[in-house]
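# Descriptive structure summary
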Amino acid sequence: MKPAEQPPVTVVVPCYNEANRLGRIFELIRQAQSRNWEWLFVDDGSSDSTAQDIRDFAETVSGVKLLSLERNSGKGCAVRHGLAMGIGRLVGYVDADLAADPLLFDRYSEDQTLLDGEEILLGIRVKTHDGNVQRLLYRHLMGRAFQTYASLATGLTVYDTQCGFKLMSRERAAELASGMTCDGFAFDVELLMLAKKAGLRLREEMIPWEEQGDSRVRFRHIIQMAFEILRIRRALGPVRDS
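Residues numbered from 1 in each chain as written. Predicted model: local features only at pLDDT ≥ 70, side-chain atom pairs only at ≥ 80, totals over all residues. Heavy atoms only, no water.

A regular strand places its side chains on the two faces of the sheet in alternate fashion. Within strand E1 (residues 9-15), seven of the seven residues are buried, leaving the element largely enclosed by the surrounding structure. Side chains of E1 alternate between two faces, with Val9, Val11, Val13 and Cys15 and Thr10, Val12 and Pro14 buried alike. Examined bridge by bridge, E1 and strand E4 (residues 90-94) share four bridges and lie parallel to one another. Residue pairing across strands places Val12 opposite Tyr93, the latter belonging to E4. Relative to strand E2 (residues 38-43), E1 runs parallel, the two being bridged by six bridges. (Buried < 20%, exposed > 50% of the residue type's maximum accessible area, 1.4 Å probe, protein only. Helix = DSSP H or I, 4+ residues; strand = E, 2+ residues; numbered from the N terminus. Pairing = 2+ DSSP bridges.)

Note that Arg125 resides in the loop between strand E5 (119-124) and strand E6 (133-134). Owing to a relative accessible area of 7%, Arg125 belongs among the buried residues under this scheme. Within the structure, the side chain of Arg125 is placed 2.7 Å from the side chain of Asp160, a separation counted as a polar contact. (Polar contact = N/O pair within 3.5 Å; in protein donor to acceptor, adjacent residues only side chain to side chain.)

Moving on: the nonpolar core. If you look at the biggest cluster of nonpolar residues, it comprises 39 residues, and the most contacted ones within it are Leu83, Ile120, Leu191 and Leu202. The set of elements that each furnish at least two residues to this core consists of E2, helix H3 (75-85), E4, E5, helix H5 (137-154), helix H6 (170-179), helix H7 (187-197) and helix H8 (219-236). When residues in this core are grouped by element, the largest group, seven residues, is from H7. Within the second largest apolar cluster, 35 residues are counted, among which are Val13, Leu28, Leu103 and Leu104. (Core = buried A, V, L, I, M, F, W, Y, C linked by side-chain atoms within 4.5 Å.)

For any pair of aromatic rings, the description rests on two quantities: the centre-to-centre distance and the angle between the ring planes. On inspection of all chains with the given rule, the structure shows five aromatic pairs. Sitting over the face of the ring of Trp37, Arg35 holds its NZ or CZ atom 5.8 Å from the ring centroid. Positioned over the ring face of Trp209 is Arg125, at 4.6 Å from the centre of the ring. (Phe/Tyr/Trp six-rings, centres within 6.5 Å; stacked < 30°, edge-to-face > 60°. Lys NZ or Arg CZ within 6 Å of the ring centre and 35° of its normal.)

Here the focus is a nonpolar patch on the surface. A cluster of nonpolar residues, Ile223, Phe227 and Leu230, forms a patch on the protein surface that exposes about 290 Å² of accessible area. Along the chain, Phe227 turns up in helix H8. (Patch = residues over 30% accessible without salt bridge, like charges linked within 9 Å, V, L, I, M, F, W, Y side chains within 5 Å. Areas by Shrake-Rupley, 256 points an atom, 1.4 Å probe, with all protein chains shown as cover. Salt bridge = Lys/Arg side-chain N within 4 Å of Asp/Glu carboxyl O.)

To continue, consider the pattern of salt bridges. Summed over the entire model, instances satisfying the criterion amount to 17 salt bridges. With a shortest N-O distance of 3.3 Å, Glu118 and Arg201 are connected by a salt bridge. Of this pair, Glu118 sits in the loop between helix H4 (112-115) and E5 while Arg201 sits in strand E8 (residues 201-206); the two residues are 83 residues apart in sequence, bridging distant segments of the chain. Residue classification places Glu118 among the partly exposed positions, given a relative accessible area of 34%. The exposure class of Arg201 is partly exposed, given its relative accessible area of 43%. As a salt-bridge pair, Arg170 and Glu171 come within 3.1 Å of each other at their nearest N and O atoms. Residue Arg170 is classed as partly exposed on the basis of its relative accessible area of 32%. Overlapping salt bridges bring together Asp111, Glu118, Glu119, Arg201, Arg203 and Glu205 as one network.

With that settled, the discussion passes to the environment of Gln224. Topologically, Gln224 is positioned in helix H8. Take Gln224: its relative accessible area is 43%, and that puts it in the partly exposed class. Expressed as a C-alpha distance, the spacing of Gln224 and Gly184, which sit 40 residues apart in the sequence, is 8.1 Å.

To continue, consider the sheet that holds strand E7 (residues 165-169). The strand order across the open sheet formed by seven strands is E3-E2-E1-E4-E7-E5-E8, and the pairing between neighbours is mixed. Every interior strand has two partners, whereas the edge strands, strand E3 (64-68) and E8, have only one. Taken pair by pair, the neighbouring strands of this sheet meet at an average axis angle of 20°, ignoring direction. Here E2 pairs with E3 via five bridges, running parallel. Looking across to E3, one finds that Leu40 is bridged to Lys65. Where helix H1 (residues 23-31) meets the sheet, it contacts E1, E2 and E3, and its direction lies at approximately 160° from that of E2. The strands touched by helix H2 (residues 50-58) are E1, E2 and E3; relative to E3, the strand with the most contacts, the crossing angle is about 155°. (Axes fitted to C-alpha atoms, helices over the stretch in contact; angles between N-to-C directions. Contact = heavy atoms within 4.5 Å.)

Our focus in this paragraph is the packing of H3 against H6. As a packed pair, H3 and H6 sit with axes 7 Å apart at the nearest point and diverge in direction by 140°. One finds that H3 runs oblique with respect to H6. Here H3 and H6 pass one another in a crossing that is left-handed. Between H3, through Arg80, Leu83 and Ala84, and H6, the contact on the second element is made entirely by Ala173, Ala174 and Ala177. Taken together, the residues that form the contact of H3 with H6 break down as five nonpolar, no polar and one charged. (Parallel < 35°, antiparallel > 145°, perpendicular 65-115°, else oblique. Left-handed = near helix turned anticlockwise from the far one by under 90°. Nonpolar A, V, L, I, M, F, W, Y, C, P; charged D, E, K, R; others polar.)

Below, the structure is given as C-alpha coordinates:
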(Lines give C-alpha, C1' and ligand atoms only; values in the text may rest on other atoms or scores of the structure.)
Protein backbone atom coordinates (compact mmCIF):
# COMPACT_ATOMS: atom_id res chain seq x y z
CA MET A 1 0.00 0.00 0.00
CA LYS A 2 1.47 3.34 -1.01
CA PRO A 3 1.96 5.79 1.89
CA ALA A 4 -0.51 8.39 0.58
CA GLU A 5 -3.10 5.90 -0.66
CA GLN A 6 -6.32 5.59 1.30
CA PRO A 7 -7.19 1.91 1.74
CA PRO A 8 -10.69 0.90 0.63
CA VAL A 9 -11.29 -0.92 3.91
CA THR A 10 -9.89 -0.86 7.44
CA VAL A 11 -10.43 -4.06 9.42
CA VAL A 12 -10.24 -3.47 13.17
CA VAL A 13 -9.27 -6.59 15.13
CA PRO A 14 -9.58 -6.32 18.94
CA CYS A 15 -7.15 -8.65 20.70
CA TYR A 16 -6.67 -9.87 24.24
CA ASN A 17 -4.25 -12.75 24.84
CA GLU A 18 -4.70 -14.06 21.31
CA ALA A 19 -1.14 -15.33 20.73
CA ASN A 20 -2.28 -18.94 20.33
CA ARG A 21 -4.72 -18.18 17.51
CA LEU A 22 -3.25 -15.33 15.49
CA GLY A 23 -1.79 -17.69 12.90
CA ARG A 24 -5.03 -18.05 10.90
CA ILE A 25 -5.65 -14.34 10.53
CA PHE A 26 -2.00 -13.72 9.71
CA GLU A 27 -2.23 -16.25 6.88
CA LEU A 28 -5.48 -14.69 5.64
CA ILE A 29 -3.83 -11.27 5.54
CA ARG A 30 -0.86 -12.62 3.59
CA GLN A 31 -3.21 -14.04 0.99
CA ALA A 32 -5.19 -10.78 0.80
CA GLN A 33 -2.30 -8.38 0.22
CA SER A 34 -3.55 -7.42 -3.24
CA ARG A 35 -6.61 -5.76 -1.66
CA ASN A 36 -4.44 -3.01 -0.11
CA TRP A 37 -6.53 -2.96 3.04
CA GLU A 38 -5.56 -1.61 6.43
CA TRP A 39 -5.50 -4.21 9.21
CA LEU A 40 -5.61 -2.43 12.56
CA PHE A 41 -4.97 -4.72 15.52
CA VAL A 42 -5.88 -3.22 18.89
CA ASP A 43 -4.16 -5.04 21.74
CA ASP A 44 -6.20 -4.66 24.90
CA GLY A 45 -3.37 -4.94 27.42
CA SER A 46 -2.53 -8.57 26.70
CA SER A 47 -0.26 -10.39 29.16
CA ASP A 48 1.03 -12.87 26.56
CA SER A 49 3.04 -12.29 23.36
CA THR A 50 0.10 -10.95 21.31
CA ALA A 51 1.49 -7.45 20.81
CA GLN A 52 5.01 -8.63 19.93
CA ASP A 53 3.66 -11.26 17.55
CA ILE A 54 1.69 -8.58 15.71
CA ARG A 55 4.72 -6.27 15.58
CA ASP A 56 6.83 -9.06 14.11
CA PHE A 57 4.15 -9.92 11.56
CA ALA A 58 3.73 -6.26 10.55
CA GLU A 59 7.37 -6.21 9.46
CA THR A 60 6.69 -8.93 6.87
CA VAL A 61 3.56 -7.54 5.15
CA SER A 62 2.08 -4.17 4.27
CA GLY A 63 -1.02 -2.57 5.75
CA VAL A 64 -0.77 -4.07 9.25
CA LYS A 65 -0.76 -1.70 12.22
CA LEU A 66 -0.81 -2.21 15.96
CA LEU A 67 -2.42 0.01 18.59
CA SER A 68 -1.50 -1.10 22.10
CA LEU A 69 -3.63 -0.07 25.06
CA GLU A 70 -1.74 0.32 28.32
CA ARG A 71 -4.06 -1.90 30.34
CA ASN A 72 -6.85 -4.38 29.80
CA SER A 73 -9.99 -2.24 29.57
CA GLY A 74 -12.43 -4.44 27.66
CA LYS A 75 -13.41 -5.30 24.11
CA GLY A 76 -15.61 -2.23 23.78
CA CYS A 77 -12.69 0.03 24.60
CA ALA A 78 -10.48 -1.73 22.04
CA VAL A 79 -13.07 -1.53 19.26
CA ARG A 80 -13.82 2.11 20.05
CA HIS A 81 -10.16 3.07 19.67
CA GLY A 82 -9.90 1.12 16.43
CA LEU A 83 -13.00 2.73 14.91
CA ALA A 84 -11.63 6.16 15.78
CA MET A 85 -8.25 5.52 14.15
CA GLY A 86 -9.16 3.59 10.99
CA ILE A 87 -8.25 5.42 7.78
CA GLY A 88 -10.04 3.25 5.21
CA ARG A 89 -12.97 4.55 3.18
CA LEU A 90 -14.96 1.94 5.07
CA VAL A 91 -14.13 0.76 8.59
CA GLY A 92 -15.30 -2.53 10.04
CA TYR A 93 -14.43 -4.95 12.79
CA VAL A 94 -14.24 -8.70 13.29
CA ASP A 95 -12.96 -11.03 16.00
CA ALA A 96 -9.43 -12.37 15.88
CA ASP A 97 -10.65 -15.98 15.83
CA LEU A 98 -12.16 -15.52 12.34
CA ALA A 99 -15.59 -16.82 13.32
CA ALA A 100 -16.64 -14.39 10.58
CA ASP A 101 -14.52 -13.91 7.46
CA PRO A 102 -13.38 -10.27 7.17
CA LEU A 103 -12.82 -10.70 3.44
CA LEU A 104 -16.61 -10.64 3.06
CA PHE A 105 -16.27 -6.87 3.53
CA ASP A 106 -15.02 -6.84 -0.06
CA ARG A 107 -18.62 -7.33 -1.24
CA TYR A 108 -19.47 -3.90 0.11
CA SER A 109 -16.31 -1.91 -0.65
CA GLU A 110 -18.05 0.07 -3.41
CA ASP A 111 -21.47 0.25 -1.73
CA GLN A 112 -22.48 3.89 -2.08
CA THR A 113 -25.00 3.93 0.75
CA LEU A 114 -22.29 2.76 3.14
CA LEU A 115 -19.68 5.13 1.70
CA ASP A 116 -22.13 8.03 2.02
CA GLY A 117 -22.70 7.22 5.68
CA GLU A 118 -26.40 6.48 5.28
CA GLU A 119 -26.23 2.94 6.68
CA ILE A 120 -24.26 0.70 8.97
CA LEU A 121 -23.91 -2.92 7.90
CA LEU A 122 -24.28 -5.57 10.56
CA GLY A 123 -23.85 -9.27 10.06
CA ILE A 124 -26.43 -11.54 11.62
CA ARG A 125 -26.10 -15.21 12.54
CA VAL A 126 -29.22 -17.09 11.45
CA LYS A 127 -29.15 -20.87 11.85
CA THR A 128 -30.43 -22.45 8.62
CA HIS A 129 -30.39 -25.94 7.13
CA ASP A 130 -27.44 -25.11 4.88
CA GLY A 131 -25.11 -25.11 7.88
CA ASN A 132 -23.51 -21.74 7.11
CA VAL A 133 -23.90 -20.78 10.77
CA GLN A 134 -22.23 -23.18 13.18
CA ARG A 135 -23.00 -22.34 16.79
CA LEU A 136 -23.29 -24.45 19.90
CA LEU A 137 -26.93 -24.80 20.91
CA TYR A 138 -26.49 -23.31 24.38
CA ARG A 139 -24.73 -20.25 22.93
CA HIS A 140 -27.48 -19.82 20.37
CA LEU A 141 -30.19 -20.01 23.05
CA MET A 142 -28.28 -17.73 25.40
CA GLY A 143 -27.85 -15.27 22.54
CA ARG A 144 -31.54 -15.27 21.69
CA ALA A 145 -32.46 -14.68 25.34
CA PHE A 146 -30.01 -11.79 25.55
CA GLN A 147 -31.30 -10.36 22.28
CA THR A 148 -34.88 -10.38 23.56
CA TYR A 149 -33.79 -8.55 26.69
CA ALA A 150 -31.76 -5.99 24.72
CA SER A 151 -34.69 -5.32 22.39
CA LEU A 152 -37.13 -4.81 25.27
CA ALA A 153 -34.69 -2.56 27.12
CA THR A 154 -33.58 -0.35 24.23
CA GLY A 155 -36.14 -0.54 21.44
CA LEU A 156 -33.62 -2.00 18.99
CA THR A 157 -35.35 -4.50 16.73
CA VAL A 158 -32.35 -6.02 14.93
CA TYR A 159 -31.97 -9.79 15.02
CA ASP A 160 -28.38 -9.97 16.26
CA THR A 161 -26.68 -7.00 17.93
CA GLN A 162 -23.68 -9.01 19.12
CA CYS A 163 -22.34 -10.45 15.86
CA GLY A 164 -18.69 -9.46 15.43
CA PHE A 165 -19.07 -8.24 11.86
CA LYS A 166 -19.96 -4.58 11.29
CA LEU A 167 -18.99 -2.08 8.59
CA MET A 168 -19.51 1.66 8.10
CA SER A 169 -17.94 4.71 6.50
CA ARG A 170 -14.77 6.15 8.01
CA GLU A 171 -16.55 9.35 8.94
CA ARG A 172 -19.38 7.51 10.66
CA ALA A 173 -16.93 5.23 12.46
CA ALA A 174 -15.11 8.21 13.96
CA GLU A 175 -18.38 9.96 14.80
CA LEU A 176 -19.90 6.95 16.54
CA ALA A 177 -16.67 6.09 18.36
CA SER A 178 -16.61 9.58 19.85
CA GLY A 179 -19.95 8.91 21.54
CA MET A 180 -19.20 5.40 22.79
CA THR A 181 -18.47 4.89 26.48
CA CYS A 182 -19.08 1.17 27.06
CA ASP A 183 -15.84 -0.74 27.59
CA GLY A 184 -17.43 -4.16 27.99
CA PHE A 185 -19.19 -6.65 25.72
CA ALA A 186 -22.40 -4.59 25.47
CA PHE A 187 -20.65 -2.03 23.28
CA ASP A 188 -22.38 -3.32 20.14
CA VAL A 189 -25.75 -2.30 21.57
CA GLU A 190 -24.45 1.18 22.34
CA LEU A 191 -22.95 1.50 18.85
CA LEU A 192 -26.24 0.58 17.16
CA MET A 193 -28.26 2.87 19.42
CA LEU A 194 -25.93 5.76 18.59
CA ALA A 195 -26.24 4.90 14.90
CA LYS A 196 -30.03 4.99 15.09
CA LYS A 197 -29.95 8.26 17.01
CA ALA A 198 -27.74 9.69 14.24
CA GLY A 199 -30.30 8.72 11.62
CA LEU A 200 -28.45 5.76 10.11
CA ARG A 201 -30.30 2.78 8.71
CA LEU A 202 -29.25 -0.58 10.14
CA ARG A 203 -28.78 -3.03 7.27
CA GLU A 204 -28.82 -6.65 8.39
CA GLU A 205 -27.04 -9.23 6.23
CA MET A 206 -26.86 -12.96 6.96
CA ILE A 207 -23.26 -14.15 7.03
CA PRO A 208 -21.51 -17.50 7.47
CA TRP A 209 -20.31 -18.03 11.05
CA GLU A 210 -18.12 -20.74 12.49
CA GLU A 211 -17.61 -20.69 16.24
CA GLN A 212 -14.04 -21.39 17.26
CA GLY A 213 -14.58 -22.31 20.91
CA ASP A 214 -12.79 -20.70 23.84
CA SER A 215 -15.38 -17.92 24.10
CA ARG A 216 -14.28 -15.09 26.37
CA VAL A 217 -17.90 -14.37 27.33
CA ARG A 218 -18.79 -16.00 30.65
CA PHE A 219 -22.05 -15.95 32.61
CA ARG A 220 -20.77 -13.09 34.77
CA HIS A 221 -20.24 -11.08 31.60
CA ILE A 222 -23.88 -11.63 30.63
CA ILE A 223 -24.95 -10.15 33.97
CA GLN A 224 -22.57 -7.23 33.49
CA MET A 225 -23.94 -6.68 29.98
CA ALA A 226 -27.50 -6.57 31.31
CA PHE A 227 -26.59 -3.75 33.70
CA GLU A 228 -24.54 -1.99 31.01
CA ILE A 229 -27.55 -1.97 28.70
CA LEU A 230 -29.66 -0.35 31.40
CA ARG A 231 -26.98 2.31 31.84
CA ILE A 232 -26.81 2.90 28.09
CA ARG A 233 -30.62 3.07 27.94
CA ARG A 234 -30.69 5.72 30.66
CA ALA A 235 -27.98 7.75 28.93
CA LEU A 236 -29.38 7.61 25.38
CA GLY A 237 -33.08 6.93 25.83
CA PRO A 238 -34.92 4.31 23.78
CA VAL A 239 -34.65 4.12 20.02
CA ARG A 240 -37.63 4.03 17.72
CA ASP A 241 -37.88 2.56 14.25
CA SER A 242 -38.34 5.24 11.59
